[in-house]
Amino acid sequence: MSSIAEPSSPPPRRATPSLSAVQWTGVGMLSVLIAIVTLGPMVLPFDPGESVCPPFSRPSLPHPLGCNDVGQDLLAGILSGGRISLAVGLVTALVATALATVIAIGSAWRGGFVDIAVMRFVDAVMALPFLPLVVVLSAFFGASYTVQIGILCLVLWTQPLRELRAQALNLRRADYTDAARAMGASAWYVTTRHILPELVPLIVPQFIRIAHAAILTESALSFLGLGDPIAKSWGTILFHANARTAFLTDAWLWWVMPPGLLIALSVLGLALLGHGIGDRLQDGTVSGTERDGDAAPRLGDALVEARDVTLSYGEARALHGVALSIPKGETLGLIGESGSGKSTLAMTMLRLLPPAARVERGSAWVGEDDLLGLPKAALRHVRGRRIGLVPQAAMNALNPVRSVGSQIAEAVRVHGATRAEATARAAELMRLVSLPEDRLSAHPHTLSGGMRQRVAIAIALAAEPEVLIADEPTTGLDVLVQESILDLLQDLSARLGLTVLFITHDLPMIARRAGRLLILQDGRVVDEGAPTDLARAPGHVHTQALFDAILPLRGSKRWDRDIPSGAPLLEVQEVSVTFGTGLPDRLRGVRPVQALREATIRLRAGEVLGLVGGSGSGKTTLARAVLGLQPMTGGRIEVAGGAPRPGGPATMIFQDPYQSMRPAMRVRDVVAEPLTIRGMPPEGKVRQALSSAGLPSDDALLDRRLGSLSGGQRQRVAVARAIVAAPKLLVADEPTSMLDQSLRAELLALLERLRAEHELGILFITHDLALARHFCDRIAVMCEGEIIETGAADAILEAAHPYTRDLIKAVDA
Amino acid sequence: MVWAKTAAAYLAVVLIALTINFALPRLAPGDPLSFLLPEDVLAEMTEADQTAVLAEFGLDRPIPVQFVDYAIGVLTGDLGTSVSYGAPVWRVVADHLPWTLLLMGWSLALSTLLGTALGVMAARHRGGTRDIGATVVVLFLGSAPVFWIAMLLITVFSARLGWLPSFGAVPLTAFPGSPGYLWGIVERLIMPVTALTIVQTAGVWLTARSSMAVALARDYVTFAHAKGVPEGQVFWRHALRTAILPIYTNVMIGVGGLLGGALVVETVFSYPGVGTLIVAGVEARDYNLLQGVFLVATLSVIAANLVADLTYPFLDPRVRR
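Q: Can you break down the overall build of chain B residue by residue, with the values?
A: Secondary structure assignment for chain B yields 14 helices and two strands. Projected onto its principal axes, the C-alpha positions of chain B cover 85 × 60 × 40 Å.

Below is the structure:
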């Protein structure tokens, strides 16, 4: 039972090559311009300051751009002016970016009053009109380009500061930053080794933006007569041209045109270089992808039938001739792990696919219509009207700026209802999904996750479809809320006689609710049948593995250990933590939240203690306190006889292996980090830890970057990192919840082996009661920051607390 | 509470602007007197005279007292006297401000409409050759110095074609109030507004294109399709509805930049707005005038921000209270 499902997005499309071509053009333009202004003045025989020809001379062979009002060669002036203009831009960018980076990191790291003060100041400076500010500063401080650079820096560092600080704040809160601090890393270590490297890709576009603004502003200042009278820039040349109204004569062609064009080209070069950097534009879906190849003949008479559906993303095939059929009124559970193609299949039936997707062949019928063969215009009468979609992550599926009522009513109106009918129907739908009618005028952000999902269900049912596709409809919801949504869906489909395609990765949940199951692996249907039949006689090894991985709430315990008799290892006594009590938080209007209320737990060496509770119950806060990352407001913690401290005898394995280690780091450096921070030689121990974690310990793996590993491999690397410094206590925060079912069992077996070999104590945090019952010796149940129940794992079914009973009900068959 | 916070934030900006104005003559290299009086006057004064002047301006008193005096003066409309105009700075700036606002208003409206329309269309056909071509052209126009564009406009439409006058804001020959007079004002408005609009449109275009592209890739757009909503309605009522938010914010933030552009453009056309005061101030070393322009510019931009802050909740229900 995972609350965080696989990302269902298709494989990322390769970046549009033309974009980087745009950036190369920018690089090329800038290089040529810099080369010209650096080398040009060396080749030219004239000094830009000496009068070498009659004033206002027209262009001639020795003076290709003619001369200005005092007989100076314009070409020489323009070439040496470029040096000033570009130098001002680049030096300003360099200084201002460096300043912004340092202050951004410092401010984000320190937080509190320093951060508030810096940000308020920045906000105020940014609200000042830019050019008038620079003008008034330049007027008082005098006209020289060194002063200009100083003033430009003073004004231009604020915008990048704001953006870099926001990012630095995110990075500071990132799991891998937490991980490094839990290992005992100093602030300097974390900022230089983790935050700065991640910030660099964002610093580059800031540099470009400042250079862009600095060159334009310098030219404007010089044009207003505030330029350096000795070192003339392009702007100064235009100032003189304007003062002599050169644009009214033929001289516009050689006096006005070249310097302005050069400014524009330099700035354009920077703009092209910066264009698209930091853009994380995703492709949306395209409505009405056409089928390239043949339709397939219809065989049965089920209401929904798919045959030979074959689809690819570029070269990679995602669906290989998938077939399914659902008789009217039945529910089919479509099971698959991440990347199996289950969501792709659903969206193929609706013809809502990313631009890279290609439907090669196959058919999908609802009643008489082959959806894959329908003309594009007919599709919208199928969507909503005949097939309703319950999307995953309803928080993103509702338009944030439109009221819930208008979004429900829209789904009715687009299928032909009048405004009055739609309004009445919307109210009726709210009752159907058990939401109060007065929430029709509410906007999605004011609703809880469960309520939003109910709204999404109301929208799916709005036009009374015969078929419902539910695509992981409980993703991201709390366990108990998940249960209520599932009950609602089951109840509605029974009452309305809906035919349901239910997509999920959660086998035990769907086995209880669907009449038949279809098992998808790597885009192929590998097994199909009634849940009980599949459990008894699986037709494929994958089915077998999926059923084996289920941990039932009842029956014999999978990990039954002797009663641990080791030394007391962890002592948590009446620990309380309250967030948001500091003065800076109060000033921000944050209300204090009591995350832990007098929590008490004990753990012996070699023992596994389960910490169970819903989201926001305080499990993770307790874990952070044990690691010494979270200051307590009351109580006492002892780890192996000492106070909790980062880099102490406790280490942590995080929930999300994609977040807890930086993808850019090598496996070698990740695993060695706890040793590096302690100043210990890593050689040997790293390999040993990797092989303990069940990974190869050869150079090939050691040199790979984390980003190139799969989720299962990453979590093993995380385990290796956690054990490399020989800890006594392992804090595991939902270590299996991001992994596919089949990988979970492997990771648990690994943790058990390590526990037995090293007599590790394990504090095992999970929201999954069944898992806790099997893997832990004792269980502590948390609710709203309190430990409401502690006892032997085996005895959890007899628990008395109503919250625990609800949790049990949610997973009990 | 929110009101108090917003008010405090605006007050902070005004205070910083005041502090900068107050600190400049005292921090800048050179004698504070040299910022108060023209050079030729200063050269003829004796040391006793100078001390007397210092006392008269209150410059011999403690800094905090001077600041309070200064702030009170500013709040009561006393920005000092302009040396070059021989009149109170407040009056001089107030006389010129309407012309600048006229320029800004037209170019703000035109560039927002044009940039949004073209940018939203570009988002629909993103990634093609034509899109890249359009991007390069727009980036080029946004990269060109606005005063240079203004000079080239004069070259073409005044010097070569003789279609439009290139000087001032009002015709000197027509009788004020007559149709010819009004037409003269419009004629003289066309080129400065065009120059500003060209530069400003580029920024709006980029924001509109990217925020629309982001909106089109959102889950709620996919879900709207899944509801059976017609494609046009998905585009306008779902994607554009949310894409408007960043466009609006960026346009309003850009008002300060637009003001800077207007000041520079005015100097090219000798347009009698606040921008011409800057050039006059720089030439005559009229520091009071420059400070006054800066302060009024700050207040105008704050006013624009305030309007943005107050109107934004109508567009985005998430920030409503």
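Q: Got a sec to walk through the overall build of chain A? Specific residues and values, please.
A: Looking only at helices and strands, chain A features 29 helices and 21 strands. A principal-axis box enclosing the C-alpha atoms of chain A has dimensions of 105 × 70 × 55 Å. By the burial criterion, 50% of the 813 residues in chain A qualify as buried. Residue pairs in contact within chain A that sit at least 24 positions apart in sequence constitute 72% of those at least 6 positions apart.

Q: Describe the interface of chain A and chain B, and please don't skip the residues or the numbers.
A: Listed per partner, the contact involves 73 residues of chain A and 70 residues of chain B. Class assignment for the residues of the side of chain A that touches chain B results in 45 nonpolar, 20 polar and eight charged.

Q: Which residues make up the sheet that holds strand 6 (residues 357–366) of chain A, and what are the values?
A: Residue and element names in this part refer to chain A. With respect to topology, four strands assemble into an open sheet ordered 3-2-6-7, the strand pairing being antiparallel. Only two strands of the sheet have a single partner each, and these edge strands are strand 3 (316–326) and strand 7 (369–370). Note: strand 6 against strand 7, two bridges, orientation antiparallel. Paired with Val 366 across the strands is Asp 369, a residue of strand 7. Sitting on the sheet, helix 11 (residues 342–350) touches strand 2 (304–313), strand 3 and strand 6, and the angle it makes with strand 2 is about 110°.

Q: Lay out the nonpolar core with the relevant residues and their values.
A: Counting 328 residues, the largest nonpolar core has Val 626, Leu 763 and Phe 764 of chain A together with Phe 147 and Ala 150 of chain B as the members making the most contacts within it. Sequence-distant contacts of Ala 150 of chain B, that is, excluding residues within four places in its chain, are made with Met 191, Pro 192, Ala 195, Val 265, Val 268 and Phe 269 of chain B.

Q: Which residues make up the environment of Gly 300 of chain A, and what values do they have?
A: Residue and element names in this part refer to chain A. Mapped onto the secondary structure, Gly 300 falls in the loop between strand 1 (286–287) and strand 2. Distance in space between the C-alpha atoms of Gly 300 and Pro 327 is 9.4 Å, their sequence separation being 27 residues. Setting aside residues up to four positions removed in sequence, Gly 300 forms contacts with Glu 305 and Ser 325.

Q: For helix 11 of chain A, give the residues involved together with the corresponding values.
A: Here helix 11 of chain A lies mainly inside the structure; nine of its nine residues are buried. The first or second residue beyond helix 11 of chain A is Arg 351 of chain A, which carries a positive phi of 55°.

Parameters at a glance
Residues numbered from 1 in each chain as written. Chains lettered and ligands numbered in written order. Predicted model: local features only at pLDDT ≥ 70, side-chain atom pairs only at ≥ 80, totals over all residues. Helix = DSSP H or I, 4+ residues; strand = E, 2+ residues; numbered from the N terminus. Buried ≥ 20, exposed ≤ 12 C-beta atoms within 10 Å, placed from the backbone. Contact = placed C-beta atoms within 7 Å. Nonpolar A, V, L, I, M, F, W, Y, C, P; charged D, E, K, R; others polar. Pairing = 2+ DSSP bridges. Axes fitted to C-alpha atoms, helices over the stretch in contact; angles between N-to-C directions. Core = buried A, V, L, I, M, F, W, Y, C linked by C-beta atoms within 7 Å.

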